[in-house]
Amino acid sequence: MTTSRRQFLQYSLAATALAACSPGLRAASGEGRATSKKKILVLGGTGFLGPAFVTAAQARGHTLTLFNRGKTRPELFPDVEKLHGDRDPNKDEGLKALEGRSFDAVLDTSGYFPRMVRASAELLAPHIGQYLFISSVSAYAKNDTPHADESAATATLADPNVETMGKNFENYGGLKRACEEAAEKALPGRVTVVRPGYIVGPEDRSDRFTYFPLRYEQGGEMLAPGSPSDPLQIIDVRDLAEWLVLLVERNTTGIFNAVGPEKPWSMGEMFAACKEVTGKDTKLIWVPGEFLLKNGEDGEGALPIWAPAFGAYAGMHLRSNTQAVKAGLRFRSPVDTVRDTLAWFKSQPEERRGKPRAGLPPEREAELLSLWAQAQGK
C-alpha cells in the first residue's frame, strides 16, 4: 500500500465530513412522533448530514435551532430558528449567540479542530444534557484489521496544536480524535461519539458513491475495481440522521461505528443493485486491486470509495457496527439508496449533471481497461 493511496483514502473520508420519518427510525422506536419533545441545537446544519437530521427531527416533533455562519444554503428551513456566528471564538462574534441558551441536546456536525470543539462544549456544558459529536472512522490509527470495534487504537497528532488538515489530509483522523477528547473532557458522561464511514445517498454532492450507478447506467464495458467479493461499507445519510434522532430521544451516550449495511456488503452486490435499479446489463471488467495500485490508481484520480481488500486496508470496509445496531441503528435496502441517489442526481440542473465531482474520467477508464487487456494477453 503506497503512502499516496493511504493519503487519498484519508482525504476521501474527510470529504464525507466536509460535504444526512423513514422505515429505519420507525422500526427502531415505533410509529408516530416522539413522546418527549426535545430542544436540539445543531452546530452546522446546512451541508449534507445536517439537513437530513433536521428533517428527521422535525418529523418526530422536536424543536431545532441551527448555529452557523449563514453562508451555506441559508434559504434552508425558513421555519427553524437560526443563530449566526463562528465556531472559532476568536473570529467575529464567535459563539456569542449561544451564550445563555439552553438545549436538551447538541449535534455537532461541523467540529474539525479541538480548540473550537472545546470552546463550544465548555460554553454549552452547564446548559445541555447531551453532546453528540460526529467524528469519523478516520479517527482510528489503522485500517488493517477486519471487524475491529470501537476499542481499536486511535490516531494521534504529532503536533497537538495543529489547525490544518495537512496537504494530503494526513491530520484529519488525529484531529477528529482530539475533538472527541475535547468534548468528552468538557462533558464527561454526556457525550455521544459517532464515527461514520462513507455517508452516501440523496444530496451527496461529493459524487463518490453516485459515480457507480451513473457509470453503470451508461452501459458498455465498465471497469469494476478489485473483485466482486471485496467488502463495501456505506451508510445512507437518512438512516444515519434518523438514528441520531433516536440517540437523542433515548439520551444514549458512548462511542459508535456508524457503518453499514448491518450484514457485510460487497462490490459485487453494489453492482447488482445498480443493475436492478437501472435495468442495464453493463459488462463489468473486474480489475484486481494490485494491478490498479501498480498502474497509478493511488492519487486524487483514484476510484472513489473502493479500497484494496488486503494489506493496510484489509479492514477499511469491515468495521464492526455491532454496538450501533444494538443502539437502534437500522438500514434501508442498498437498492433503495442506489435508486434514490440516482434519482436525486438526475434532478439536478444540466450543468451540474455534466460535471461529476468524482470517478474515473472516460479516457482514464479506457486506458486502464486497455492496460489490463494487454496484461492478460488479449
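Before reading on, note that the structure itself is shown above.
Computed from a prediction, not measured in an experiment: that's the story for all the values here.

Engineer: Which parts of the structure should I look at to understand helix α13 (residues 362-375)?
Structural biologist: An α-helix turns once every 3.6 residues. As a result, residues three or four positions apart point the same way. Compared with the 20 Å implied by 1.5 Å per residue over 14 residues, the 20 Å span of α13 between its first and last C-alpha is a close match. If you check which residues of α13 are buried, you get R364, E365, L368, L369 and W372. Axial view of α13: buried residues confined to an arc of 135 degrees, hence all on one face. Opposite the buried face of α13, by more than 90 degrees, sit the exposed residues P362, E363 and Q374. On the buried face of α13, the contacting elements are α6 (211-218), β8 (221-225), β12 (283-287) and α9 (289-294).

Engineer: For this particular structure, what's the right way to read the pairing of strand β5 (residues 128-134)?
Structural biologist: With respect to burial, β5 is a largely interior element, 6 of its 7 residues being buried. Sheet topology note: the strand β4 (residues 103-108)/β5 ladder contains 5 bridges and is parallel. Opposite A105, over in β5, you have Q130 as the bridge partner. In terms of handedness, the path from β5 via helix α5 (residues 172-186) over to strand β6 (residues 191-196) forms a crossover that is right-handed.

Engineer: Could you clarify how one ought to interpret α5 in this entry?
Structural biologist: With 15 residues, α5 ought to run about 21 Å at 1.5 Å a step, and its terminal C-alpha atoms sit 21 Å apart, in line with that. When you tally the buried positions in α5, you get 12 out of 15 residues, the bulk of the element. Along α5, the residues classified as buried are Y172, G173, G174, L175, K176, R177, A178, C179, E180, A182, A183 and A186.

Engineer: How do you make sense of the side chain of E180 when you look at a structure like this?
Structural biologist: On the secondary structure map, E180 appears in helix α5. With relative accessibility at 0%, the residue E180 sits in the buried group. Only 2.6 Å separates the side chain of E180 from the side chain of R177, close enough to count as a polar contact. Residue contacts for E180: discarding those within four places in its chain leaves F133, S135, A139, V193 and R195.

Engineer: Is there a simple way to think about empty space enclosed by the protein in this case?
Structural biologist: Any space left empty among the atoms is revealed by the rolling of a water-sized probe across them. When its volume is computed, the largest cavity comes out at roughly 60 Å³. Taken together, I234, I235, D236, D239, G260, P261, F331, R332, S333, P334 and T337 make up the lining of the largest cavity. Breaking the lining of the largest cavity down by element, the ones donating at least two residues are β9 (231-236), β11 (260-266) and α11 (334-346). Broken down by element, the lining of the largest cavity gets its largest block of residues, 3 residues, from β9.

Engineer: Where do I start with the packing of aromatic side chains in this structure?
Structural biologist: Per the stated rule, a full pass over the model turns up 7 aromatic pairs. Aromatic side chains F212 and F271 sit 5.9 Å apart centroid to centroid with 80 degrees between the ring planes, which places their arrangement in the edge-to-face category. Linking F212 in helix α6 with F271 in helix α8 (residues 267-278), this pair joins segments that are 59 residues apart in sequence. By the burial criterion, F212 is buried, and F271 matches it. Measuring from ring centre to ring centre gives 6.3 Å for W344 and F345, while their planes differ by 65 degrees; the resulting arrangement is edge-to-face. With a relative accessible area of 3%, F345 lands in the buried category. Among the aromatic side chains, those forming a connected cluster through ring pairs are Y211, F212, Y216, F271 and W286.

Engineer: Looking at this structure, I do not really get unusual backbone geometry. What am I missing?
Structural biologist: Only a minority of non-glycine residues have a phi that is not negative, and only a minority of peptide bonds are not trans. Of note, the bond from G260 into P261 is cis; its omega dihedral lies within 30 degrees of zero at -5 degrees. Position of P261 relative to the elements: it lies in strand β11. Phi angles above zero are rare outside glycine, and R73 is one such case at about 45 degrees. Even without being a glycine, E203 presents a positive backbone phi close to 80 degrees.

Basis of the calculations
- Residues numbered from 1 in each chain as written.
- Predicted model: local features only at pLDDT ≥ 70, side-chain atom pairs only at ≥ 80, totals over all residues.
- Heavy atoms only, no water.
- Helix = DSSP H or I, 4+ residues; strand = E, 2+ residues; numbered from the N terminus.
- Expected span 1.5 Å × (residues − 1).
- Buried < 20%, exposed > 50% of the residue type's maximum accessible area, 1.4 Å probe, protein only.
- Arc of directions from axis to C-beta.
- Contact = heavy atoms within 4.5 Å.
- Pairing = 2+ DSSP bridges.
- Right-handed = clockwise from strand over helix to strand, strands pointing away.
- Polar contact = N/O pair within 3.5 Å; in protein donor to acceptor, adjacent residues only side chain to side chain.
- 1 Å grid on protein atoms, 1.4 Å probe; cavity = no way out; pocket = protein on both sides within 12 Å on 5 of 7 lines; lining within 4 Å.
- Points joined across faces, edges and corners; volume = space filled by probe spheres on them.
- Phe/Tyr/Trp six-rings, centres within 6.5 Å; stacked < 30°, edge-to-face > 60°.

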